[in-house]
Structure formats: C-alpha cells, structure tokens
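A look at the structure
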Amino acid sequence: MITAVAPGQGGVAIIRISGPLAEDIGKALVVVPGTQTWASHRVLYGHVIDPATKERIDEVLLLIMKAPRTFTGEDVVEIHCHGGVIIVERVLELVLAFTDVRRALPGEFSQRALLNGKRDLSSAESINELIHARSCKAAQIAMAGLDGGIQQCISSLRSRLIDQLSELDARVDFEEDLPSLDATKLVNELKSVQSDLLQLIENSHRTSLFRKGLRVALVGRPNVGKSSFLNRLSGRERAIVSDLPGTTRDLLESSLVLGGIPITLIDTAGIHATSDSLEKLGIERSFEILKGADVVLLIFDLESGWIFEDSQLLDKIPVETPKLLIGNKLDIQRSDLSGIKAINSIPHVNFSALTGEGEPELINTLLQVFNAKETTDLMVALNDRQLDLAVLAVKALERLQEAIDQKLPWDFWTIDLRLAIQNLGEITGDDLTEAVLERIFSRFCIGK
Ligand SMILES: Nc1nc2c(ncn2[C@@H]2O[C@H](COP(=O)(O)OP(=O)(O)OP(=O)(O)O)[C@@H](O)[C@H]2O)c(=O)[nH]1
Ligand SMILES: [Mg+2]
C-alpha cells in the first residue's frame, strides 16, 4: 500500500504489488471489460472481484509495469482503488490472500530499488526527506538530493581519495620500481578534499534549519496574550483566549512555516505564583518547555509595561537559547518602556495580537532570531546520517595529516585514508553492510 489511509481521507488509494507474482495477482483480481490489452505501462479500467464469492468489491484503474522500467526494478502492478478505510482494506485482504504475498516493510520498495540498481542510496534517502518535508524550502533541498546532487558530490570526493590511496599502496608494495612519491601533491589533494567536505558540512548545518525546523516556546505571565499570539500567527483560533488569567493549562502546539522554516509554536500556561494545583502542573510544564525549546519568545503586556516578574522570567531562560522579547497589546500601549531599555542585548519588538499591528516587523525580527540566512546557493545538503559520516571522514583526514607531519611510514598513512574512503562509501552506498542498510530503510515510511 503506498497511500496513507485514514478515515475520511482521500478519494483514491493506491495498492502497489511488486515482484514476480504482481501481474498474475492483478489479472486474478481485476476483471477488465471490453477489448483492453494487458500490456506493460498501460492503464486498464475494471473491477476488483472477490475470486471466492464473485462479489464486486470496487471500480478501479490497474497499472501494469513490467521490469525493469519500474520503481523497484521488479514487475509492479498498482491498483488504484477508492479511498477510505473499508474498500482499501478489503482489496488489500484479497491481495494478501495469495501465497507468497505480504505487506511491504517500511522503505522496502526503495530498498529493492537500490538493490536492483534503480536508485543510489542518497537519492533513495532524499525521497524519504521529500515525503517528510515540512516546508517548500525543505522539499527543494530534498529534490536536489533526489536529482543526484549528494551522490555526485561525495562520489567524486571519494574517487579522488581512492586515486591517492592507489598511489600510496603502489609505493608500499613496489617502491623501488616506481618514481618517488610527490608528497606535496598528495598533501594538497587531501587538503582540498577535506576543505570541500568541510564546506558541505557547513552548508548542511545551515540548511538543517529548513529541514528540521524549530520548536519555539511562547512564555510569559498570565493574560499577556500568548494564546492570542499563537492564534494570530497560525491564522486560526487554535487556542482558547479569555480575559481570565490562567486560561491555558496545558501545552498546545501549532505548526506553521516562516521564511521557509517549519516552526512548531508551543503555547504554555502563564507563569506566576498560584495555589491552584492544576495551574501549578501547567506552570511546571511551561518551565520544562522554556528550558528545552530551540527559541523562546517572552511575551509581556504593554498595558502594564515590563515589570519585575518579567525580569524574573527572563532570568529563567537558558543564556544560550536565542530569545525575543515581545511587547504585546501595542493597540492599548500605556506604559513607558524604560524598564526594558536595560536589557539591550536581547532583541525586542512590539506587536498587537488583537489587531496584527507590527506584524511585518515581528516576522522580520523572528527570522533574524532564527538565524535564517538566504540559502539559494546551499542546495546540496546532507541528512544526519550522512553528516555524521562526513565528519568521521574529515577526522580521518586530519589524523592522516598528523601521520604525514610526523613522517610516519606510508602504511600508517593508508590506514586513515582507507577509513575516510569507507566513511564516504557509506554515504554513497558503495561500502555498506546489510545491517546498516536495514537500519536506514526501516526509518522510511511504509509504502516507500
Ligand atoms: N487589546 C488587546 N488585547 C489583547 C491582545 N492580545 C490579547 N489580548 C487580550 O488579553 C486577554 C488574554 O489573552 P490570552 O491570549 O488568553 O492570554 P494568555 O497569555 O494566553 O493568558 P493565559 O493563558 O491565562 O496565561 C484576552 O482578553 C485577549 O483578548 C492585544 O494585542 N491587544
Ligand atoms: Mg493562554
């Protein structure tokens, strides 16, 4: 099954069957009227019929694709049936009733595509990233990987290292028969590969903002307008707003995209001294979020101004967490803001969650606080797994430089060079164990 099915979702669902039995199963289950020809890469119209009872289960389109021009590289048949839980489950049950047919594991179609040479590893990983992209920017980055950007880049660096390794290996075995090794040339080449890798690592760190997004906590005293702020930015009435202090008791999340960054805004219970036990529980959660969020927005009330309790709260936010002070209720500002002038190292912006006044400036300041830089030139970006391996490769190359500096024998040089090549090979899929492969694909979604 390649379509996610939930109650009430989607008019059409696709069931994909891959492997040598695919065509036989399609033919056995779908009855096609008229003179349509069963040929590869054609769409047929028909009905799924229960072979046992002859009951018509659904009206479907059938897509037959013979190997090798298919996603998995195997014979593939897709049944496009109607969506919704009941029909899909009934058709799926009929498919699964055949001997030697089972549900695909998460990522299994992609894994087969890799094993059959239809995809390289990094582009298969990029498909998964594309599916999980939470912003347009994240999707563009994934698309660049899918087009082979990562594979080309890492393969070429790896093959440059392999060239150097063969030079070294030859010297280790047949030193007398070969011209002497040009060590400067070798060192320069290693340094150049290392600096390309470092650049890629740096790019990947910068784009991870667009791929992973940020958890942004809204904190403040009761009634300052945290929930109103969440509603205004989400563009819908997500949270309950009232003029009673202590309205929000539990954490409430809302997802949105700002400047290409997927943001999870977290509304929290207003923090103050209280004897209400339920409210206390909520406030404990507010403190947890305040400590764990990527960014904290401290909201205060411009009607009452910046007061001592706001300063106390500010002190609770970890120093290293990026933060923004937001003076809310700009529409009824009464206070002078002299109290806040003292905190000049932290950005501050005024806003009205009620009227939207100050919103453009708020968004601009937020993007600065998020450290969102324009990234048009950063299109090749590694995922976490690839990033870890690239870092290992750089470390191996650093050790290699040390071995060279210390004038250790050549066979010492080859140890770390081989390791760097292996690390890069784990990114491209040239150097992979079955266990690693299983681990990578098990993180994929079912049906991909
Ligand atoms: N005039 C004005 N009123 C606002 C603004 N933002 C919020 N309010 C009002 O302030 C009151 C409290 O708003 P909430 O959004 O519930 O405040 P909160 O910080 O979530 O409060 P708790 O959940 O109790 O901690 C409500 O009556 C809102 O209508 C604003 O920008 N201007
Ligand atoms: Mg609230």
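Reading guide: rules and limits
- Residues numbered from 1 in each chain as written.
- Chains lettered and ligands numbered in written order.
- Predicted model: local features only at pLDDT ≥ 70, side-chain atom pairs only at ≥ 80, totals over all residues.
- Heavy atoms only, no water.
- Helix = DSSP H or I, 4+ residues; strand = E, 2+ residues; numbered from the N terminus.
- Buried < 20%, exposed > 50% of the residue type's maximum accessible area, 1.4 Å probe, protein only.
- Contact = heavy atoms within 4.5 Å.
- Areas by Shrake-Rupley, 256 points an atom, 1.4 Å probe, with all protein chains shown as cover.
- Near = heavy atom within 4 Å.
- Polar contact = N/O pair within 3.5 Å; in protein donor to acceptor, adjacent residues only side chain to side chain.
- Nonpolar A, V, L, I, M, F, W, Y, C, P; charged D, E, K, R; others polar.
- Phe/Tyr/Trp six-rings, centres within 6.5 Å; stacked < 30°, edge-to-face > 60°.
- Lys NZ or Arg CZ within 6 Å of the ring centre and 35° of its normal.
- Core = buried A, V, L, I, M, F, W, Y, C linked by side-chain atoms within 4.5 Å.
- Patch = residues over 30% accessible without salt bridge, like charges linked within 9 Å, V, L, I, M, F, W, Y side chains within 5 Å.
- Salt bridge = Lys/Arg side-chain N within 4 Å of Asp/Glu carboxyl O.
- Pairing = 2+ DSSP bridges.
- Axes fitted to C-alpha atoms, helices over the stretch in contact; angles between N-to-C directions.

Within the protein chain, the secondary structure is distributed over 15 helices and 11 strands. A burial count over the protein chain gives 48% of its 448 residues as buried. Here the contacts in the protein chain between residues at least 6 apart in sequence split such that 66% fall between residues at least 24 apart. Of the roughly 22300 Å² of accessible surface on the protein chain, 53% is carried by carbon and sulfur atoms.

In this section: the site of ligand 1. Taken together, 23 residues surround ligand 1, and among them Lys226, Ser228, Gly246, Thr247 and Asp331 come closest. A distance of 2.8 Å separates an oxygen atom of ligand 1 from a polar side-chain atom of serine 227. Within the contact set of ligand 1, a nitrogen atom lies 3.1 Å away from a side-chain nitrogen or oxygen of asparagine 328. The protein chains hide 89% of the 650 Å² of surface that ligand 1 would expose on its own. Broken down by element, the residue count for the shell around ligand 1 peaks at 3 residues, all from helix α8 (residues 226-234). Residues belonging to the shell around ligand 1 are distributed by class as follows: 8 nonpolar, 11 polar and 4 charged.

For the structure on display, the rule yields 3 aromatic pairs. Each ring, one from phenylalanine 229 and one from phenylalanine 351, has its centre 5.5 Å from the other, and the planes form 75°; the classification is edge-to-face. In this pair, phenylalanine 229 is assigned in helix α8 and phenylalanine 351 in the loop between β11 (348-350) and α12 (359-369), connecting sequence segments 122 residues apart. This pair shows no difference in class: phenylalanine 229 is buried, exactly as phenylalanine 351 is. Their ring planes at 90° and their centres at 5.0 Å tell us that phenylalanine 300 and tryptophan 306 sit as a pair that is edge-to-face. When its relative accessible area of 12% is taken as the criterion, tryptophan 306 is described as buried. Geometry around phenylalanine 109 places arginine 16 over its ring, the cationic atom sitting 4.9 Å from the centre. The ring of phenylalanine 210 has lysine 137 sitting right over it, with the charged end atom 5.5 Å from the ring centre.

Further remarks concern the nonpolar core. Counting residues in hydrophobic clusters, the biggest one holds 31 residues, and the most contacted among them are Leu161, Leu190, Leu197, Leu397, Trp413, Leu417 and Leu424. For this core, the secondary-structure elements that each account for two or more residues are α6 (149-174), α7 (183-212), α13 (384-405) and α14 (410-428). With near-sequence residues (within four places) excluded, leucine 161 lies in contact with Leu190, Val193, Leu397, Leu417, Ala420, Ile421 and Leu424. Within the second largest apolar cluster, 30 residues are counted, among which are Leu209, Leu218, Leu297 and Leu367.

A cis amide bond links alanine 67 with the next residue in sequence, proline 68, at an omega value of 5°. The residue proline 68 is located in the loop between β4 (56-65) and β5 (76-82) in this model. Backbone geometry at aspartate 100 places phi at a positive 65°, although glycine is not the residue there. Looking at where aspartate 100 falls in the secondary structure, it is placed in the loop between α2 (85-96) and α3 (108-115). Positive phi, normally seen in glycine, also occurs at lysine 329, with a value near 75°. Positionally, lysine 329 belongs in the loop between β10 (323-328) and α11 (338-341).

On the surface, a nonpolar cluster with roughly 260 Å² of combined accessible area is contributed by Val43, Tyr45 and Leu61. Along the chain, leucine 61 turns up in strand β4.

Sheet architecture is open: 6 strands sit in the order β7-β8-β6-β9-β10-β11, paired in mixed fashion. At either margin of the open sheet sits one strand with a lone partner, and together these are β7 (252-258) and β11. Geometrically, the sheet is characterised by an average inter-axis angle of 25° between neighbouring strands, direction not taken into account. As judged from the 5 bridges shared by strand β6 (residues 214-220) and strand β9 (residues 295-301), these two strands associate in the parallel manner. Opposite glycine 220, over in β9, you have isoleucine 299 as the bridge partner.

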